[in-house]
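Chains, contacts and geometry: an overview
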Amino acid sequence: MKIAVCIKQVPARDWQPRPNDSKTWIVDRDAGFEMNEPDAYALEEALRLKEKHGGEVVVCSAGPARVAQVIREALARGADRAIHVEDDGLASADAFVVADALASVMKDENFDVVLTGLQSDDQGFGQTGVVLAERLGRPHATIVMEVQVVERTLRVKRELEGGWFQWVAMPLPAVLTIQSGINQLRYATLKGIMAAKKKEIRKAPAPAGLMMRQKIVSLSVPEKTKKTRIITGSPAEAAKELVRLLREDARVI
Amino acid sequence: MILVVAEQRDGILNRATWETVAAAQQLADGSADRSIAIAILGSNTATAAKELAAAGAKDVQAVIVVDHAALELYTPDGYVAVLESLVADLKPSRVLLPHTYQTRDFAPMLAARLGRALVTDVMRMKTAGGDTVFVRPMFQGKLTADVSPQGPTPHLVTFQIGAFRGDQVTKGASPTPVRAMTVTLDAAAIREKPEPPFREARQAVDLSQAERIVAVGRGIKGQEHLPVAEKLAAALDAELAASRPICDAGWLPMERQVGSSGQTVAPKLYLALGISGAIQHLVGMKGARTIVAINKDPDAPMFEVADYGIVGDLFEIVPAMVSELTKT
Ligand SMILES: Cc1cc2nc3c(=O)[nH]c(=O)nc-3n(C[C@H](O)[C@H](O)[C@H](O)COP(=O)(O)OP(=O)(O)OC[C@H]3O[C@@H](n4cnc5c(N)ncnc54)[C@H](O)[C@@H]3O)c2cc1C
Ligand SMILES: Nc1ncnc2c1ncn2[C@@H]1O[C@H](COP(=O)(O)O)[C@@H](O)[C@H]1O
């Protein structure tokens, strides 16, 4: 089975982004970067599918040169090769542009299954996987928590709200967007890291003339709307005061 | 015209539909063409359609019902085929939907099929000089962006659950006319074969009844540190709960997860330890009477909903709370 997994590099979770002077994007010079969380689960699911059904796992990533870091990490965890659509503009591009950029290098590969994360931690569109499915002319399912392959049919468990689930079947080839928690992640071994050095990373330019469908007019730090009573002092003082307030002010304990 | 796409399951209207109608009324207010239509798709939609019509919501000209056996269970192919022809027929300027798991599944496909912009997870709108920008979270709620959809209309917009209030829909005296619309839908062309939704076996822990909850997030760092929170829960006679990543990692069972994909709770006291406050977590606990946030990041969105907050290291503060609570 030929499996693709789309991986986005995003700023690290514990980093506080700041808008740039024109407020159209962030200043990311001092940012650390990491693999988008659900994409790590998508990669793990791809590796498990390969272990069960054979084939290869190909990492597809769109972004500036720096995304090579997450590509290497994915190869170290066991992916076989990678395709990198390299362009500085892709870091802040919308889901349509990214899906078109990815589709341009993926359509001739004829993947049986394409896995993406359900949502990116930075832009959070929740669109790219589904738009990509449409561009590749494939059926899709989103927010997937289990994947079964029987011959040329996929049967997947979709998460719905509030503890509900649903099984959906569809023919291969197909695109799935993976939810965090679908499996338990493996980490790269030293052997994997060494092996990754020899794996192929094909670079491709972004196709010309892609059109953004949404424009960030202004980026800002959210305004505080609620008056939170912030308790200060040493840990012991703050803890004592909080317990007092919960007893005497809120009367909840 | 603004087209609102209602959501129903088993003929029961999703409350988020009313929130989207409220957003549509806000957009209609002040635009030249104030008309709104609500579309509802399914195979047994009479009751839901009646409920939509009965409100006689202001500016809503029609409730459009598309009833078809092939729409009994939701599929992206079925919904997109119908909505594509509805959009061609009605030529709306905007298509508005609630940001639910279902619209996450088909709205990007519809937008791609139509070649139109889709702005997701919108919290507010701002209109200035005839232009409307849509405000949405980015970077896990650490920033917000004013976004302007580009290219030809209709623009598609999904609204964050809870961002608008369904009970603030302006209602009218007479019911809205209901219009049935027939579509040609080839059931065989629907590639996805859905099975009926189900719930996992009954859960052993029912957090919805808990009076007090101590909830841990990724700030707890590792499973071996859980006793720190457990001691506080014991001292407060509280249930232990968690954010999703804690359950994903298997540190606590799924049934202790609070949020959009977990339980919805409304305790007297909700104490969030090292939880950032992503919207999918907040929707599950916003209804708590008193919310306390303990987080080392003063900008954590959790402080936005908290009544009391301590900015600091939970590993210092929580043990100090336990000793204060157990002092006799
Ligand atoms: C479709 C969908 C459904 C989802 N459903 C849910 C759901 O039901 N429930 C849910 O919770 N999430 C859900 N999520 C995930 C959600 O978006 C967030 O990713 C998640 O809630 C983040 O969990 P967290 O706050 O524990 O982790 P993080 O966001 O990583 O936050 C950790 C926090 O701990 C703080 N911290 C770190 N160290 C310390 C310390 N020593 N002392 C004090 N504070 C510290 C940090 O400052 C940070 O604020 C869903 C996401 C999607 C896309
Ligand atoms: N630049 C990118 N490169 C590779 N995959 C991406 C990229 N952007 C988004 N994706 C994939 O699409 C998913 C959804 O992203 P988004 O639509 O931005 O929320 C992510 O989880 C990734 O799997």
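First things first, this report covers the structure right here in the doc.

Each value, and the rule that gives it
- Residues numbered from 1 in each chain as written.
- Chains lettered and ligands numbered in written order.
- Predicted model: local features only at pLDDT ≥ 70, side-chain atom pairs only at ≥ 80, totals over all residues.
- Heavy atoms only, no water.
- Pairing = 2+ DSSP bridges.
- Helix = DSSP H or I, 4+ residues; strand = E, 2+ residues; numbered from the N terminus.
- Axes fitted to C-alpha atoms, helices over the stretch in contact; angles between N-to-C directions.
- Contact = heavy atoms within 4.5 Å.
- Patch = residues over 30% accessible without salt bridge, like charges linked within 9 Å, V, L, I, M, F, W, Y side chains within 5 Å.
- Areas by Shrake-Rupley, 256 points an atom, 1.4 Å probe, with all protein chains shown as cover.
- Salt bridge = Lys/Arg side-chain N within 4 Å of Asp/Glu carboxyl O.
- Buried < 20%, exposed > 50% of the residue type's maximum accessible area, 1.4 Å probe, protein only.
- Near = heavy atom within 4 Å.
- Polar contact = N/O pair within 3.5 Å; in protein donor to acceptor, adjacent residues only side chain to side chain.
- Nonpolar A, V, L, I, M, F, W, Y, C, P; charged D, E, K, R; others polar.
- Core = buried A, V, L, I, M, F, W, Y, C linked by side-chain atoms within 4.5 Å.
- 1 Å grid on protein atoms, 1.4 Å probe; cavity = no way out; pocket = protein on both sides within 12 Å on 5 of 7 lines; lining within 4 Å.
- Points joined across faces, edges and corners; volume = space filled by probe spheres on them.
- Expected span 1.5 Å × (residues − 1).
- Sits in = over half its atoms within 2 Å of the grid points.
- Disulfide = S-S within 2.5 Å.
- Phe/Tyr/Trp six-rings, centres within 6.5 Å; stacked < 30°, edge-to-face > 60°.
- Lys NZ or Arg CZ within 6 Å of the ring centre and 35° of its normal.

So, the sheet that holds strand β11 (residues 155–159) of chain B
Residue and element names in this part refer to chain B. Ordered by their spatial adjacency, seven strands build an open sheet running β7-β11-β6-β1-β4-β5-β12, and the pairing between neighbours is parallel. Among the strands making up the open sheet, the edge pair consists of β7 (118–122) and β12 (178–180). Neighbouring strand axes in the sheet, compared pairwise and without regard to direction, differ in orientation by 25° on average. Pairing of strand β1 (residues 2–5) with strand β4 (residues 36–42), which is carried by four bridges, proceeds in the parallel orientation. Within β4, the residue paired with valine 4 across the bridge is isoleucine 38. Of the strands in this sheet, β1, β4, β5 (60–67), β6 (94–98) and β11 touch helix α1 (residues 16–28), which is tilted by about 145° from β6.

So, a nonpolar patch on the surface
All names here are of chain A. A cluster of nonpolar side chains, namely Leu190, Ile193 and Met194, defines an oily patch on the protein surface of about 300 Å² accessible area. By the element assignment, methionine 194 lies in helix α5 (residues 190–196). Its relative accessible area of 45% is what places methionine 194 among the partly exposed residues.

Overview of the environment of serine 104 of chain A
Residues and elements named next belong to chain A. Looking at the element boundaries, serine 104 is found in helix α3 (residues 95–106). Given a relative accessible area of 24%, serine 104 falls into the partly exposed group. Put simply, serine 104 and glutamine 166 are 62 residues apart on the chain and 32 Å apart in space, counted from C-alpha to C-alpha.

What about the site of ligand 1?
For ligand 1, the set of nearby residues contains 33 residues, the closest of which are Ser243, Val258, Ser276, Gln280 and Asn295 of chain B. Nearby residues around ligand 1 are contributed by chains A and B. At a separation of 2.9 Å, an oxygen atom of ligand 1 approaches a polar backbone atom of arginine 244 of chain B. Glutamine 280 of chain B is positioned such that a nitrogen or oxygen atom in its side chain is 2.8 Å from an oxygen atom of ligand 1. Expressed as a share of its isolated accessible area of 1000 Å², the protein-covered part of ligand 1 is 91%. Within the residue set of the shell around ligand 1, elements represented by two or more residues are α4 (101–114), α6 (244–248), α7 (279–282) and α9 (314–326) of chain B. Residues that form the shell around ligand 1 fall into these classes: eight nonpolar, 17 polar and eight charged.

Observations concerning the environment of alanine 103 of chain A
All names here are of chain A. Looking at where alanine 103 falls in the secondary structure, it is placed in helix α3. For alanine 103, a relative accessible area of 8% puts it in the buried group. As a C-alpha pair, alanine 103 and glutamate 134 span 31 residues in sequence and 9.8 Å in three-dimensional space.

Here's the deal with the pattern of salt bridges
Residues and elements named next belong to chain B. Scanning all chains against the criterion turns up 37 salt bridges over all chains. The salt bridge partner of aspartate 77 is arginine 191, with a shortest N-O separation of 2.8 Å. With aspartate 77 in helix α3 (residues 76–90) and arginine 191 in the loop between β12 and β13 (193–194), the pair connects residues that are 114 residues apart, well separated along the chain. Its relative accessible area of 10% is what places aspartate 77 among the buried residues. Two residues, aspartate 167 and arginine 165, come together in a salt bridge whose shortest N-O distance is 2.8 Å.

Observations concerning the nonpolar core
Within the largest apolar cluster, 60 residues are counted, with the highest numbers of intra-cluster contacts made by Cys60, Met106, Val114 and Leu132 of chain A together with Val66 of chain B. Among the elements that take part in this core, α3 of chain A stands out by supplying nine residues, more than any other. The residues touching valine 114 of chain A, leaving out its near neighbours within four places in the chain, are Ala4, Cys6, Met106, Leu132, Leu136, Ala174, Val175 and Leu176 of chain A. If you look at the next biggest cluster of nonpolar residues, it comprises 44 residues, including Ala22, Leu52, Ala53 and Met138 of chain B.

Digging into the layout of surface pockets
Residues and elements named next belong to chain B. The volume enclosed by the second largest pocket comes to roughly 390 Å³. Around the second largest pocket, the lining is made up of 20 residues, and of these Ser31, Arg94, Gly130, Asp131 and Thr132 lie nearest the centre. Of all the secondary-structure elements, those providing two or more residues to the lining of the second largest pocket are α1, β9 (131–138) and β10 (143–149). Per-element tally for the lining of the second largest pocket: the top contributor is β9, with three residues.

Focus on α9 of chain B
Because an α-helix completes one turn every 3.6 residues, residues spaced three or four positions apart along the sequence face the same direction. In a regular helix each residue adds 1.5 Å, so 13 residues correspond to 18 Å; α9 of chain B covers 18 Å between its end C-alpha atoms and thus fits that length. Of the positions making up α9 of chain B, those classed as buried are Leu314, Ile317, Val318, Ala320, Met321, Val322, Glu324 and Leu325 of chain B. Buried residues belonging to α9 of chain B abut α6 (235–249) of chain A together with α5 (226–236), β17 (269–273), β18 (290–295) and β19 (308–311) of chain B. N-capping of α9 of chain B is provided by aspartate 313 of chain B, with a side-chain oxygen placed 2.9 Å from the backbone N of phenylalanine 315 of chain B.

Remarks on the site of ligand 2
Residue and element names in this part refer to chain A. Around ligand 2, a shell composed of 19 residues is seen, among which Asp39, Ala62, Ser120, Gly126 and Thr128 lie nearest. Measuring from a nitrogen atom of ligand 2, one finds a backbone N or O atom of isoleucine 7 at 3.5 Å. Between ligand 2 and the protein, one listed contact pairs an oxygen atom with a backbone N or O atom of glutamine 127 at 3.0 Å. Its free accessible area being 480 Å², ligand 2 has 99% of it covered by the protein chains. Under a 2 Å grid-point criterion requiring more than half of the atoms, the pocket assigned to ligand 2 is the largest cavity.

Topic: the state of the cysteines
Across all of its chains, the model carries zero disulfides over all chains by this definition. In this structure cysteine 60 of chain A is a free cysteine whose sulfur lies 5.3 Å from that of cysteine 6 of chain A, the closest cysteine sulfur available.

What to know about the packing of aromatic side chains
All chains considered together, the criterion is met by six aromatic pairs over all chains. Aromatic pair tyrosine 74 of chain B and phenylalanine 106 of chain B: ring centres 5.9 Å apart, planes at 45°, arrangement tilted. Note that tyrosine 74 of chain B is positioned in the loop between β5 and α3 and phenylalanine 106 of chain B in helix α4, a separation of 32 residues in sequence. Its relative accessible area of 1% is what places phenylalanine 106 of chain B among the buried residues. Sitting over the ring of phenylalanine 165 of chain A, lysine 157 of chain A keeps its end group 4.5 Å from the ring centre.

Taken by themselves, the reported measurements are silent on function.
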